[in-house]
Amino acid sequence: MSEQRAPVQEQSVSRRQSPQTALRAPGSRLDFALFYSEHLAMLTRFVMRLGASPHEAAEAAHVAFVEAFPKWSQITTPRAWLRTVATRVYLRQTGLRDQLTDTVPDQPGGECPLTAVVLKDEEQHVYAALGMLPPRQRQVMAWHLDGFSHSEISAELGTTVEAVRQNYARARASLKRSLGLTAGDQP
């Protein structure tokens, strides 16, 4: 016959958290501020890869962080969440941009957030080539360039892994042609 064992309960050791430990905890204000300073430029570049101008990309990235702040402690995958929100913000911006206005809006004042996203000539050519891709290929390539796997991209975009692979392969081939790279060169 088998013996039944009573579950072993581990004794928990209560630790006092210092105020600094609580500030640096995931979901805290300091955690958000650190993430913001480390990832704003990357998020801005991601939106630029979708076809946005530098100003549009900076605006979309900033709005995504503004939307994230009150929910920060509940967001489990902040890199993906911010990219999804920034994409939606950018797409809304393009709809607004197409509406005619009576006057040209003023350029934003103060310190420009784009100082962290200064592009070299080569990068400008790459962004121009990315802008020539069909929207889905451009979207898949933007996610890929930010280090997401095919399965992560498919989950975020609501498509199959095979569709992501096909769009990535087509985008890569188009970019090679646009940038004048030969089969042996790597982008």
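Throughout what follows, the structure given in this document is the object of discussion. (Residues numbered from 1 in each chain as written. Predicted model: local features only at pLDDT ≥ 70, side-chain atom pairs only at ≥ 80, totals over all residues. Heavy atoms only, no water.)

## Thoughts on the overall build of the protein
Tallying secondary structure elements over the protein gives 8 helices and 0 strands in all. Going from N to C terminus, the protein has its helices and strands arranged as α-α-α-α-α-α-α-α. Evaluated residue by residue, the protein yields a buried proportion of 34% over its 187 residues. As displayed, the protein offers around 13,100 Å² of accessible surface, 53% of which is attributable to carbon and sulfur atoms. (Helix = DSSP H or I, 4+ residues; strand = E, 2+ residues; numbered from the N terminus. Buried < 20%, exposed > 50% of the residue type's maximum accessible area, 1.4 Å probe, protein only. Areas by Shrake-Rupley, 256 points an atom, 1.4 Å probe, with all protein chains shown as cover.)

## Remarks on the pattern of salt bridges
Overall, the coordinates contain 3 salt bridges when judged by the stated rule. The partner of R49 in a salt bridge is D146, and the shortest N-O contact between them spans 2.6 Å. Taken together, the positions of R49 in helix α2 (residues 29-49) and D146 in the loop between α6 (135-145) and α7 (150-157) put the pair 97 residues apart, joining distant regions of the chain. The exposure classification of R49 matches that of D146, with both residues buried. With a shortest N-O distance of 3.8 Å, R165 and E162 are connected by a salt bridge. (Salt bridge = Lys/Arg side-chain N within 4 Å of Asp/Glu carboxyl O.)

## Looking at the packing of aromatic side chains
Where two aromatic rings form a pair, the distance of their centres and the angle of their planes describe that pair. Summed over all chains, the structure comprises 9 aromatic pairs. Between F46 and W143, the ring centres sit 5.3 Å apart and the planes meet at 80 degrees, which makes this aromatic pair edge-to-face. One end of the pair, F46, is in helix α2; the other, W143, is in helix α6, with 97 residues separating them in the sequence. The exposure classification of F46 matches that of W143, with both residues buried. (Phe/Tyr/Trp six-rings, centres within 6.5 Å; stacked < 30°, edge-to-face > 60°.)

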